[in-house]
Structures are given as structure tokens and as C-alpha cells.
Amino acid sequence: IINNYLGGTQGGAVDKASPSGMHFRDSKRKVDYVLAYHYRKRLARHLAGAGSPEPTHESASLALVSNGGTGKGCAELQRQDGGQCVPQEQPRPLGVEVIELGPLDTLEEEKRLQREEYERNLVEVGLEIEKDPENKSQGLSFVRIHAPWQVLSREAELLKIKMPTKKMYEITEEGGILKTLNEIWCKLTKPLQPQVPQQENSNMKSLSYPFSREKIYLYNIKDKDTFFDNATRSRIVREILKRVSTKARNSTGIGTLIANHVYDAAYPLHDGEYEGQNDDMNERKLLYREWARYGVFYKFQPIDLIRKYFGEKIGLYFAWLGLYTEFLIPSSVVGIIVFLYGCITIEGDIPSKEMCDQHNAFTMCPLCDKFCDYWNLSSACATARASHLFDNPATVFFSIFMALWATMFLEQWKRLQMRLSYFWDLTGLEEEEVSFLSEHPRPEYETKLLQKKLKNKSITTENSNEDEKEKLTWSDRMPGYAANFGLILFMIMLTFSAVFGVIVYRITTAAALSFSTNETTRSNVRVTVTATAVIINLVVILILDEIYGAVAKWLTEIEVPKTEKTFEERLILKAFLLKFVNSYAPIFYVAFFKGRFVGRPGHYVYVFEGYRMEECAPGGCLMELCIQLSIIMLGKQLIQNNLFEIGIPKLKKLFRKLKDERTEPKEMDTNQSKDPQQWDLDYILEPFTGLTPEYMEMIIQFGFVTLFVASFPLAPLFALLNNIIEVRLDAKKFVTELRRPDTVRAKDIGIWYNILSGIGKLSVIINAFVIAVTSDFIPRLMYQYAYSQNGTMHGFINHTLSYFNVSHLKAGTQPENSPFAQDVLFCRFKDYREPPWSQNQYEFSKQYWAVLSARLAFVILFQNLVMFLSVLVDWIIPDIPKDISEQIKKEKSVLLDFFLKEEHEKLKLIESFIARDKQKHKSGTKGERIRAASFCQFNRCQKGSFASFSSQHTEV
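These numbers were taken from a predicted model, which means no experiment stands behind them.

### So, the state of the cysteines
Right, on to step 1. This model, assessed by the stated rule, comprises three disulfides.
Right, on to step 2. The partner cysteine of Cys365 in its disulfide is Cys827, sulfur to sulfur 1.9 Å. One disulfide, between Cys365 and Cys827, carries an S-S torsion of 85° and so falls in the right-handed class. Of this pair, Cys365 sits in the loop between strand S11 (363-364) and strand S12 (375-376) while Cys827 sits in strand S18 (residues 826-830), placing them 462 residues apart in sequence.
Right, on to step 3. Look at Cys365 and you get buried, because its relative accessible area is 5%.
Right, on to step 4. Taking the relative accessible area as the measure of exposure, Cys827 reaches 0% and is therefore buried.
Right, on to step 5. Put simply, Cys616 and Cys621 are joined by a disulfide, and their sulfur atoms are 1.6 Å apart. Measuring handedness by torsion sign, the sulfur bridge of Cys616 and Cys621 sits at about -90° and is left-handed. Both residues of the pair, Cys616 and Cys621, belong to the buried class.

### Side note on the confidence of the model for the protein chain
Right, on to step 1. Summing up the model confidence of the protein chain, the mean pLDDT is 78 and the portion of residues at 70 or higher is 81%.
Right, on to step 2. Mean pLDDT values over the elements of the protein chain span from 34, in strand S4 (residues 62-66), up to 93, in helix H10 (residues 312-344).
Right, on to step 3. Counted against residues more than four places away or in other chains, residues 459-468, with its pLDDT under 50, gives four contacts.
Right, on to step 4. Below a pLDDT of 50 lies the segment residues 930-956, which in the model reaches 29 contacts outside its immediate sequence neighbourhood of four places, other chains included.

### Quick word on helix H23 (residues 692-706)
Right, on to step 1. Across its 15 residues, H23 extends 21 Å between first and last C-alpha, which sits within 8% of the 21 Å expected from 1.5 Å per residue.
Right, on to step 2. With respect to burial, H23 is a largely interior element, 14 of its 15 residues being buried.

### Focus on the pattern of salt bridges
Right, on to step 1. Under the defined criterion, the tally for this structure stands at 39 salt bridges.
Right, on to step 2. The salt bridge involving Asp349 is made with Arg780; its shortest N-O contact spans 3.3 Å. Here Asp349, found in the loop between H10 and helix H11 (350-356), pairs with Arg780, found in helix H26 (residues 777-787); they are 431 residues apart in sequence, far enough to count as distant.
Right, on to step 3. Arg780 gets classed as buried once you look at its relative accessible area, which sits at 19%.
Right, on to step 4. Taking the shortest distance from any N to any O, the salt bridge between Arg833 and Asp831 comes out at 3.0 Å.

### Examining the environment of Leu654
Right, on to step 1. Mapping Leu654 onto the fold places it in helix H21 (residues 622-663).
Right, on to step 2. For Leu654 and Ile684, which are 30 residues apart along the polypeptide, the C-alpha to C-alpha distance reads 9.0 Å.

### Some remarks on the packing of aromatic side chains
Right, on to step 1. For the structure on display, the rule yields 55 aromatic pairs.
Right, on to step 2. Arranged with centres 4.8 Å apart and planes meeting at 80°, the rings of Trp291 and Phe318 form a pair that is edge-to-face. With a gap of 27 residues between them, Trp291 in the loop between helix H8 (283-290) and helix H9 (303-310) and Phe318 in helix H10 connect regions that are remote in the sequence.
Right, on to step 3. Assessed through its relative accessible area of 0%, Trp291 is described here as buried.
Right, on to step 4. Its relative accessible area of 0% is what places Phe318 among the buried residues.
Right, on to step 5. For the ring pair Phe592 and Phe708, a centre distance of 6.5 Å and an interplane angle of 40° mean the geometry is tilted. Of this pair, Phe592 sits in helix H20 (residues 564-592) while Phe708 sits in the loop between H23 and helix H24 (715-737), placing them 116 residues apart in sequence. Each member of the pair, Phe592 as well as Phe708, is classed as buried.
Right, on to step 6. Lying over the aromatic face of Trp679, Arg144 brings its terminal NZ or CZ to 4.2 Å of the ring centre.

What counts, and at which threshold
- Residues numbered from 1 in each chain as written.
- Predicted model: local features only at pLDDT ≥ 70, side-chain atom pairs only at ≥ 80, totals over all residues.
- Heavy atoms only, no water.
- Disulfide = S-S within 2.5 Å.
- Helix = DSSP H or I, 4+ residues; strand = E, 2+ residues; numbered from the N terminus.
- Buried < 20%, exposed > 50% of the residue type's maximum accessible area, 1.4 Å probe, protein only.
- pLDDT = per-residue confidence, 0-100.
- Contact = heavy atoms within 4.5 Å.
- Expected span 1.5 Å × (residues − 1).
- Salt bridge = Lys/Arg side-chain N within 4 Å of Asp/Glu carboxyl O.
- Phe/Tyr/Trp six-rings, centres within 6.5 Å; stacked < 30°, edge-to-face > 60°.
- Lys NZ or Arg CZ within 6 Å of the ring centre and 35° of its normal.

Take a look at the structure:
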């Protein structure tokens, strides 16, 4: 059924648009899906002597000519000549108007023919469509699609969509103290619950079963129009659109047609406007009011409503994000306590007191050649005191806590995921459904396969069975794999080059500022260089992040993955690898490499024949690592996660609107209603491109929270503050800024869980090395228990500083115009080396090797201890909650009993009809016997009923 299929000037008056914007013009049939396309009327010029100079669009007989050819359209020639358009000279029939088409007209005509064919095929499979009249020279038009009950029921059975049956059963709750605690928690959190419609009896659950037309009596069908909700209807239509093909270019499904620009977009409609004066409440408006506003940041998320409106995949993302944000609360509290512990104990820290003691000052060796003078260690007092805030024994405890926190979070997510799977009827998500939904080939894959078939001369059109089995082989993809390997390697090297460039900037800037005649500039060299270098690092990371996202997508496309699932997984792995290296490379450098390859006085390591490698501050590199981590983390969250996420969609929307206004001529359209319809409003919105960017920014943040948390205990707090905004920002984007996504069923968050688990394990190793190598925790511990005279930290600073005879400095590197060069015989530098009066002067001392051994031993001990505790936590906490596992068993039992009862009742009904017939007509006529037989066949006879039940029992 095609309604209002009008072309040119035909059609006359058109019915008024649907007042709700959600229905066909008859205001009865619901719009389940919309196809949008731009059309352009042909601007043709006539051949000489070819009839009237002013033809109408709807000519009774019209021949299309391309590049001088006459008679047939290019699309028809393609079908006849095996995909190649070969114009042929044919005699011009009488009474036929001949029009010569330009290149643009030919392309537009071909698109129009493909659209018509595709829409005819949609009607053939049972869908009903409604089209707008094309009464401008060019413009935007919509095809609205409605799926009637017959199509919905057929496809629901094919897709094995679980639907609620008439049977309700009680959910047994846990008793005892857990039930009491749960009731108290519910009362306390009642003001935080979103005001959304809840099930009348939360202790009851509908028994769900894959839809079957044969067993339609099992389902609670009150109204066929509302039995399938909007999300399910649009999902069914989307599957049909993917499946229906056109002959032109061997295109299969809507994806290929959009890729070939036959259609611009295909999307389901939102449930009306999200704000307005009218009192009609829809699910979109409810989500906006209770979820997608910053004013409700303190409320829990209505996860069930999110899942119902956007589908299981998006519902799982927001459930994961909500759990992650909740878990950040305890880690933030512990991080604040650790930070406050550092603040409280700073006055009692003996090493920082010794460093700040100006009476017992240490004369340190120059920080640069010639222009830098000897300096007093007490001048670095502020740095030492600040370092103690993050470099204290509590950070070791916090590192162990965060490793266990990550394990607890992942375990709790598995339990929540299982709970949601049960309540969302995903526990029995059949493998056939998953494979059916994921096996649709991508348009790019089909195009590549078609090109391969055309090149292969041995394959003919007769071997259609062989064509179907044919697929892209390893050799076909080898150029793509080679490009992937080469470019990813190049991108990683580019990241390292950017880090090295910043290192060179720091070294050269520090040297340049040291030449300054201004005393203030010289005294603040380290602060200036560190701050500017971190900002440069941040800008480079933000720029490369955007580049790497585009490169990862392009690299995945040239690999030509077959399905969307494979494409998404490969894209995620590439993007994560590149962005992980990009985000953490500068931090890794400061944590593990800076100050390790400096050398010693008289034998420094130089780069570019004159610049010394940079050293850590006197208080160690941990303070600088903290600054680097905090600025990069906060900068990424503020700029990339928030400003970019808000600004870029708005700019894209404005650009698309301006582009449409520029391309469409200012023509009066009498058929268009004054108020824009819902499909017009949704077309203006940004198309949904997947959850990968949302997950990626959270996974990178998870890395900042766990990987280097030993150096920055406040990282969970800043992540928590960001996520409180992020949840509402993402919610607002999905409800107001994006077209409604297609609902996708998913049992879990996929490959992201494996990435999270990998980061959690890597964080244990990295934090072990940060504590052992970057901080002074091990040297302090070794001094206190191995070298201290009285078991205290007195004398620790002196113990960690080595002596150097200033007469051993290389010629030309001594300080120039030093006011107290004559008074200095020995200067100190931070390292464990033999003194100049030793036989092995300036060699590594025994203390160095002892501390190094202790550091490696700590790494091994810490790593194994934390890994053991993580495995223990994993083992103690079951993946499936006990009550859920019992409910799943109960559901199977209830399902079995329900089928037995229904089949028994149906059998009794058939027997009663037969018995009644026998009583009325002992010698029944032939017609009555035929009627009884047909009734028995329709309702399945006794034997058939038991066979049907038996097969169903096997499935259960």
C-alpha cells in the first residue's frame, strides 16, 4: 500500500499532516521508520526536432538519453548488460519525446529508479509506505514506513524476540538481614529515585518466551497496535530494510543505498518533543525531565526506561557508567583521607625538615654548565614539602586499595550485568538470534566482493551458488593489513617523537632561562618549564587524539571487515591502542625515564652536543608526575569530554542546517504544513554513530584513576566530579541532540570488559614500579631499618647525597663569576656513589645496589600480594547473584508448567468439541466431519499437541 505517492503536478490537494507527527496522514497507522533523501528534478535540454520544447515531468511516453544514446535508461541497461552501461543507437519511435540528460541528471535518474525499485520491494514484503510529493525543483523528501501486524508477528518470530506471556510469577526475595538492609536503603534513597512509572507489583514478573504465531494464545495481547512497543517495531523494520535488496549495483539493504547516496538517512522517530507546553507525556519527555537535565544530577538513572527507549546496548552503557560513578565515591573518600594524612604529617616529616634547614645547608652542584652557580638545597624546601603530600606511606596502602577496588568494580559489574540480563529477558538470548543479527555483511564488504567477482573472469553468472559462498580471503585483505601495521607503527613513533620534542623543549628552555639576567626568572626556571611543557603536552594529546580517531576508523575500513560487530571490535582495539599510547606516553616518561640517564658531575649525558639531560627536582620526580597527571587528566576531561562533546554536535547541526538552506531554493510549498513534523525535526538532529567514543573517554579516565594513582590520590575525586556531569551530558545528548538510535540487543558490554580487566591488571604492575622506582618510599625504608644509627629518619638527606670534588669538573663547565667558588671544595648531588677520596671514586656504592635490590623485591612482593588478593576477591564474590540463579531455575520450571497447562487446556477444549459433536450427531454428515477435521487440524490434534509440547520442552 503506497499512500500519497504523488509526482510532479499530479495529485491535487493533499490530506493534512498527522497532528501528532507520529502517524500516517490517516492518523491511525504509526510511523515506524523514516527514509530521507534529497531529490533534484532533471534540467534537460531537447534534441533538435524532438517534439515540444516544454515537456511536462509526467510525460505519457518518455525516453531517456545519456551521452547521445536513446531509448533506455542507464539503470535498465546495467541490468541487461551485466552491470555495465553501454548506450546503443536505436531508431526513434514516433510520438516519443527524447530528452538528453547531463551527467548529474543521469546519476539522479539512476538514484530515483533505485529508490522506486527498493520501495516496491518493501511493499512486496508487506510494509506500508507513505511518500511526500516532490513539488520543488530540488529538495528534501521523506518516505514513512509502517509495519502492519502480519509483518510484525512474522518478523518477531523470525528474530526470536522475547515477548511477555499471560503467566506472571512471584520473584522470591532474599530474607534475613539483607532484606532488612535493602528496605532501609530504599527508604533512605526514595528522594533520589526518578519519578517514572513503575510496575504495579514489583514482586511479580511476566514470563517471557520467543514470539511464535502458532502459540499466539500464550501471549497477553490486549491491543495489536501496542503489543510491540515503538523500539521493537523500529527494530523489526530495520531488519527488513537491511534484508531487502535492489538489482541495481547488486545492493543489499539500506546500508548500501545510504553508502551510495541513494538515501541520505534512515532512522526511527523519537516519541514526540522532549519539552513543550502540551500536557501529553511521552517517554522522551519523561527521560528529559527525570534524567537528561543537570538539575536532576543527584537522582538515580531510570535504567529500565532507558533500556525500553534506546535498547539493551545503550541501557547497558548507562548502567555501567552509573555503577562506575557510584564506585568512585568510596575511592574518592579514601583518596581525600590519604591526601589529608599527607597534609597533617607534613610538619613531622624529618627529611623535609632537614632539607629546609638553612643552618645545616647542603651546597649542591650546578644544574647547568657555566651559567648556573652552586646552590643551597634549602632553596628547594617548598618542593620537598609539597612532595610529602603525595609521597608518604599512605600512598602504598592507597595503591593496594585501588587495585582491589578495580577488581571489586569488575566483579560487581558482572553481577549487575547478570541481574539486568534476567530482568531484561536476555538470559536466554539465543545464539541463533545473535548470529542472525550480526551476520549482515557491511555495504563496503559487499562492494569489495562484487569488485572481486567482476575481476574474476572464471566466475560466470550461472554459478550463482559459488558466488554466494565466495568471500574475501587473506590475500585480498593483505594490502589493508600491511597498511594497518605500517601506519599504526608510524603513529606510535609519531607519539614518541612528540614526547621527545617536548623533552627537547624543556631542556633548551631551561638552558635559555638560565642565561637570564633576571634573578626571579632564574629562580623559577623549573616551575616555568614544567608548567609550559605540560600544557604543550596536553594540546598535542588533544590534537593527536582527534587525528588517531579518524586514522583508526580509516584503517579499519581498508581492512574491509565483514560484519558490523567485527568492524566495531577492530576499530575499538586500534583506537584504544593509539589513544592509550598518546595519553600516557608523557606520563610514562616522567615516571620511569626522567632523571635516570643524567650521568654525574664531571660526566654528564648531553644531547645535541651541549644540552644536559634534564634531572628530577631535589624532592624527586613524583611531584612532577603528579602535576603532569593532574593537568592532562583535568584538561582532557574539561576540554575533550565536555566542551568538544557539547560544542561539536551543535556546530555540525548548524552546518547541516545552513547547507540545506543553501542547496534548497526558496520555493513556496503549499503541501507542507506550517508546523514541522517529527520526521523533519529528527532529520535535523545529529546521526547516532555508536557508543565507541563514549566508552573510550571513560576507559582512558579509568586508566588515569588506576594506573598512576600512587602519585595522585585525588584522581578518583576529579573523575567523580567529571562523571556526575558526564552522565547528564550523555543523557542530554541522546535525548535532545541525536536521532533515535536503532535498538540493539546485547548481553554484555563486549570487548570493553576485557580492556577494563587488562587495565586493572596493568595498574598493579605500574603502581608497584611508581612506589619502588619513582618515589622515595624504598630508600627511606632502607635507611630507617638498615643504615640509621637510632632507627629514625634523621640524617636521611645526607645519606642520599654523594660528594663531588669541584676540581674534577671539566674545563669550560665550571660556574662563571661565582661569588663563592673559592669557598667550595665539594658539592653534593643526589645519587648513591663512592666519594672522591675512595679508591673507586664516583662508582655506584654498596647502598645503591642494596636499594636497587630492595626496589625489585618490593615490586615482586607488591605485585604478587595484590594479584593474590584480587584473585581471592574474584573467587569469593560469585559472578551470578544467588537470588538471580535461583530465579532463572524457577523461571524454567514455571515455563514448563505453563506449557503443560496450556496444552492440556487446549486438548480438553478439542475433546469437548468432539464429544459435543458426537452427542448431537451420532451419525454425522460428511460436511460436519470435514468441519470437525478442519477444526482439529487448525488447533492441532491430540497427537500433534503433544508433539508440539515435546519439542517445546526440548527447547526449554
